[in-house]
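Secondary and tertiary structure notes
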Amino acid sequence: KIQTALSIEDIINKKQDWVECTVGMLEIDGIRHFFEPTVSIKDRTVLSVEEKFQIGTGTNIRLSECGVSNWINQVDVFEHLCEQLGVKNYARIDFFYNTRTQIACFIEVNTLPGFSPSTVFFQQALYYCSSLNPQRVVSQIISNHRLSLI
C-alpha cells in the first residue's frame, strides 16, 4: 500500500502511529536485498537537524526491537518502488510508516547515501547478514558498478 496524499501535518498529528524509518538496499547477484528498517528516535515531534545529520546524536533502533514485525509486508513495496525508479546497486529509502495501518509514505530514495554512522547503512547490513561487514559492502558496491559498465 502506497499512500501519497498525506501531508506532513497529517503525519505529525498522528505521531503515535507514525514512525520515521530508513531501510538500506544492496544488490547482490542481481537481487535486491532490503535490510530491516530502523526507526529514528527523536526528542521532539519531528527530528531536529542535529538528530538527523550529526554523527552520534540521532538514535536508530530496528523496527522489530519496537515490537513492530509487520514491516516485512512492505518488502514488495520497496521492490516495486526501486523497480519503477530504476534503482540499482545500493540505496537508502527514507519513509514514514504507520504501525497501525501498515501504510508507508515515502520521503526519498537516496541512490548515493553517505556512509557516516548516522546513515546506519553498515549497521543494517551487519544485522541482515553478519558477513556483510563494511569492507564486503563496499566491495559489493564496486563490483556491481563494474558489472554495470560492461
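Below: a short report on this structure. (Residues numbered from 1 in each chain as written. Predicted model: local features only at pLDDT ≥ 70, side-chain atom pairs only at ≥ 80, totals over all residues. Heavy atoms only, no water.)

Looking now at the overall build of the chain. From N to C terminus, the chain includes five helices and six strands. Taken from N to C terminus, the helices and strands of the chain fall in the order α-β-β-β-α-β-α-β-β-α-α. By the burial criterion, 41% of the 150 residues in the chain qualify as buried. Counting contacts in the chain only where the partners sit at least 6 residues apart, residues at least 24 apart contribute 62% of the total. Taken as a whole, the chain presents about 8,600 Å² of accessible surface, with 54% of it coming from carbon and sulfur. (Helix = DSSP H or I, 4+ residues; strand = E, 2+ residues; numbered from the N terminus. Buried < 20%, exposed > 50% of the residue type's maximum accessible area, 1.4 Å probe, protein only. Contact = heavy atoms within 4.5 Å. Areas by Shrake-Rupley, 256 points an atom, 1.4 Å probe, with all protein chains shown as cover.)

Bringing the side chain of Glu27 into the picture now. By secondary structure assignment, the location of Glu27 is in strand S1 (residues 18–28). Buried within the structure, Glu27 lacks any salt-bridge partner; its nearest side chain of opposite charge belongs to Arg32, at an N-O separation of 5.0 Å. (Lys, Arg positive; Asp, Glu negative; His and termini not counted. Salt bridge = Lys/Arg side-chain N within 4 Å of Asp/Glu carboxyl O.)

A separate point is helix H5 (residues 134–149). Across its 16 residues, H5 extends 23 Å between first and last C-alpha, which sits within 8% of the 22 Å expected from 1.5 Å per residue. Val137, Gln140, Ile141 and Asn144 are the residues of H5 that are buried. Looking straight down H5, one finds that the buried residues subtend no more than 100° of arc, so they occupy a single side. H5 presents Gln135, Arg146 and Leu149 as exposed residues on the side facing more than 90 degrees away from its buried surface. (Expected span 1.5 Å × (residues − 1). Arc of directions from axis to C-beta.)

Attention now goes to unusual backbone geometry. Despite not being glycine, Asp29 has its phi angle at roughly 55°, a positive value. On the secondary structure map, Asp29 appears in the loop between S1 and strand S2 (31–34). Of note, the phi angle at Asn89 is positive, near 75°, even though the residue is not glycine. Mapped onto the fold, Asn89 is located in the loop between helix H3 (75–85) and strand S5 (90–98).

Here the focus is the nonpolar core. In summary, soluble globular proteins display a tendency toward joint burial of nonpolar side chains. Cys21, Phe34, Ile93, Phe95 and Tyr97 are the most contacted members of the largest nonpolar core, which has 16 residues in total. Where this core is concerned, the elements lending two or more residues are S1, H3 and S5. For Cys21, the contacting residues outside a window of four places in its chain are Pro37, Thr38, Val39, Leu63, Ile93, Asp94, Phe95 and Tyr97. Grouped together as the second largest cluster of nonpolar side chains are ten residues, Ile28, Phe35, Leu132 and Val137 included. (Core = buried A, V, L, I, M, F, W, Y, C linked by side-chain atoms within 4.5 Å.)

The subject of this paragraph is helix H4 (residues 121–128). Those residues of H4 not exposed but buried are Phe121, Phe122, Gln124 and Ala125. Around the axis of H4, the buried residues are gathered within 160° of arc, so they sit on the same side.

Moving on: the packing of aromatic side chains. Summed over the entire model, instances satisfying the criterion amount to eleven aromatic pairs. Summarising the aromatic geometry, the rings of Phe35 and Phe121 are spaced 5.5 Å apart at their centres and angled 70° between planes, so their arrangement reads as edge-to-face. Residue Phe35 is located in the loop between S2 and strand S3 (38–41), and its partner Phe121 is located in helix H4; the two are separated by 86 residues in the primary sequence. Members of the aromatic cluster, connected to one another through ring pairs, are Phe35, Tyr90, Phe115, Phe121, Phe122 and Tyr128. (Phe/Tyr/Trp six-rings, centres within 6.5 Å; stacked < 30°, edge-to-face > 60°.)

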